[in-house]
Amino acid sequence: MNSNDYALLAQTAQSYGAQVLYDEPMNKHTSFKIGGRCDIMIKINCEKLLCELVRHCNENSVPYYIIGRGSNILVSDEGLRGAVLLLGSDFGSVRVRGDEIICNAGASLSAVCRVALENSLTGLEFAYGIPGSVGGAVFMNAGAYGGEMKDVVVSCRCIDEQGRIKELSNDKMELSYRHSIFSEKKLCITSVTFKLKKGDKEAINSRMEELMERRRKKQPLEYPSAGSTFKRPKGDFAARLIEECGLKGASCGGAEVSTKHSGFVINRDNATFDDVMGVMSMVKQRVFEQTGIALECEILIMK
Ligand SMILES: Cc1cc2nc3c(=O)[nH]c(=O)nc-3n(C[C@H](O)[C@H](O)[C@H](O)COP(=O)(O)OP(=O)(O)OC[C@H]3O[C@@H](n4cnc5c(N)ncnc54)[C@H](O)[C@@H]3O)c2cc1C
């Protein structure tokens, strides 16, 4: 890749009025507050622009990274060589059509939950407080408190590597525990349609508040993190295993297994990428040695 490729990407983005940032620190765009600079970041503001950029990157072998709110990723301190295509609030419109909510991928999940509440639509309460974008949530099949994206998504629009738009219905998305077709194939989600049900506004509100309160009580929200670090092993909980192995509070540099919730690795004090990787590998090794269970990382590593 050369500076010409970036100049062309920037030119295209600017022709759509999108913001372009060079050498942008990724720690400003991740919930872990970790990550070095990327070569170029483009804040996507429409589907057509995304199609053009993805096509250009593929045709010219420019590496690109799709990110939403950066709440499930750990980015290297060396940063990212290539283009970061950020689907955030510039691409976050939300509209309601009967009992459906249709939103662009950059909409924040919590904002969509609030729109559901305002319209007395029930089904999305479980997602309130997950700090991701709608695109990132469908990509991860995000879930909590007995609900997951799979239960409420009816369809989505996405872009393949050639920049072509596809429409997928729920059954074609292969949604399962923290897995989707989008994580298998390089497809970028541009919009999502949720189907909810008419409900009681008061009841929806109190469920959302109750779940948010549970998060505040149980999760170390006062520190940067990327949520649950490991996937739930079959029939057990990562946090329980980690605690049983005496790893609560175990640290490496500025990264630490939270003492409030052992399932979270937190950035306690200016942690580096290597600090977090160090804690994660220590945990995996010790849990495996003591229980025979191989924990699998839920957080996605970008380097
Ligand atoms: C405090 C805290 C609590 C959390 N609680 C939960 C929880 O209860 N349940 C849960 O499931 N998760 C939870 N998470 C994790 C995280 O918020 C979710 O996985 C969220 O859905 C990620 O969305 P994002 O926009 O931040 O994605 P990012 O972190 O930006 O990206 C994650 C992955 O999705 C891909 N991606 C993002 N947008 C798109 C798109 N439009 N098209 C294609 N690929 C895309 C990225 O390339 C990357 O591989 C928590 C995180 C934190 C920090």
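Thresholds applied
- Within any chain, residue numbers begin from 1 and follow the written order of that chain's sequence.
- In view of the model being predicted, local features appear only for residues whose pLDDT reaches at least 70, and side-chain atom pairs are presented and counted only at 80 or more, with totals across whole chains, interfaces and linings using the full set of residues.
- Side-chain metrics rest on all non-hydrogen atoms present in the structure, leaving aside hydrogens and water.
- Labels follow the DSSP assignment, with helices taken as runs of H or I lasting at least four residues and strands as runs of E lasting at least two, numbered in each case from the N terminus.
- The size measure is the radius of gyration over C-alpha atoms, and the globule rule it meets is 2.2 Å times the number of residues to the 0.38 power.
- Working definition: with a 1.4 Å probe on protein chains only, accessible area under 20% of the residue-type maximum means buried, over 50% means exposed, and in between means partly exposed.
- Should any heavy atoms of two residues lie within 4.5 Å, those residues are considered in contact.
- In these tables, accessible area is a Shrake-Rupley quantity obtained with a 1.4 Å probe, and a residue counts as shielded only by the protein chains included in the view.
- Charged residues are defined here as Lys and Arg on the positive side and Asp and Glu on the negative side; His and the ends of the chain fall outside this count.
- Charge positions come from single atoms, namely NZ of Lys, CZ of Arg, CG of Asp or CD of Glu.
- Two rings from Phe, Tyr or Trp (for Trp, the six-membered ring) form a pair when their centres sit within 6.5 Å of each other. Planes less than 30 degrees apart are called stacked, planes more than 60 degrees apart edge-to-face, and all others tilted.
- Our definition puts a charge over a ring when NZ of Lys or CZ of Arg is within 6 Å of the ring centre and also within 35 degrees of the ring normal.
- For every element, the axis is a line fit to its C-alpha atoms; helices are fit only across the contacting stretch, and the angle between N-to-C directions ranges from 0 to 180 degrees.
- For classification, angles of less than 35 degrees are called roughly parallel, those exceeding 145 degrees roughly antiparallel, those between 65 and 115 degrees roughly perpendicular, and all remaining angles oblique.
- Classification convention: Asp, Glu, Lys, Arg as charged; Ala, Val, Leu, Ile, Met, Phe, Trp, Tyr, Cys, Pro as nonpolar; all other residues, Gly among them, as polar.
- Note: two strands are recorded as paired if DSSP finds a minimum of 2 bridges between them.

(A) Layout of the overall build of the chain. The number of helices and strands found in the chain is nine helices and 19 strands. Here the chain has a C-alpha radius of gyration of 20 Å; the compact-globule value for 303 residues is 19 Å, and the two agree. The dimensions of the chain, computed from C-alpha atoms along their principal axes, are 55 × 50 × 30 Å. Put simply, the chain has 303 residues, and 53% of those count as buried. The contacts of the chain with a sequence gap of at least 6 include a subset with a gap of at least 24, amounting to 66%. Counting every atom, the chain has about 13900 Å² of accessible surface; 47% of that belongs to carbon and sulfur. For the chain, the centre of its 39 positive side-chain charges and the centre of its 38 negative side-chain charges are spaced 3 Å apart.

(B) The arrangement of the packing of aromatic side chains in detail. Under the criterion given, the structure shown has zero aromatic pairs. In this structure, K186 is placed above the aromatic ring of Y64, and the distance from its NZ or CZ to the ring centre is 3.7 Å.

(C) Looking closely at the packing of helix 3 (residues 109-118) against helix 7 (residues 201-218). At a minimum axis separation of 9 Å, helix 3 and helix 7 run at an interaxial angle of 155°. The orientation of helix 3 relative to helix 7 falls into the category roughly antiparallel. Across the interface between the two elements, C113, R114, L117 and E118 of helix 3 pack against K201, I204, N205 and M208 of helix 7. Along the lines of polarity and charge, the residues of the contact of helix 3 with helix 7 split into four nonpolar, one polar and three charged.

(D) The sheet that holds strand 7 (residues 100-104), seen in detail. If you trace the five strands from one edge of the open sheet to the other, you get 6-7-13-11-12, paired in antiparallel fashion. Both edges of this open sheet fall to strand 6 (94-97) and strand 12 (165-169), since each of them pairs with a single strand only. With direction set aside, neighbouring strand axes in the sheet form an average angle of 20°. One ladder, built from five bridges, connects strand 11 (residues 153-159) with strand 12; its direction is antiparallel. Across the sheet, S155 pairs through a bridge with S169, a residue of strand 12. Contacts from helix 2 (residues 47-59) reach strand 11, strand 12 and strand 13 (188-195) within the one sheet, and its direction differs from that of strand 11 by about 50°. Relative to strand 7, helix 3 is tilted by about 150°, and along the sheet it contacts strand 6, strand 7 and strand 13.

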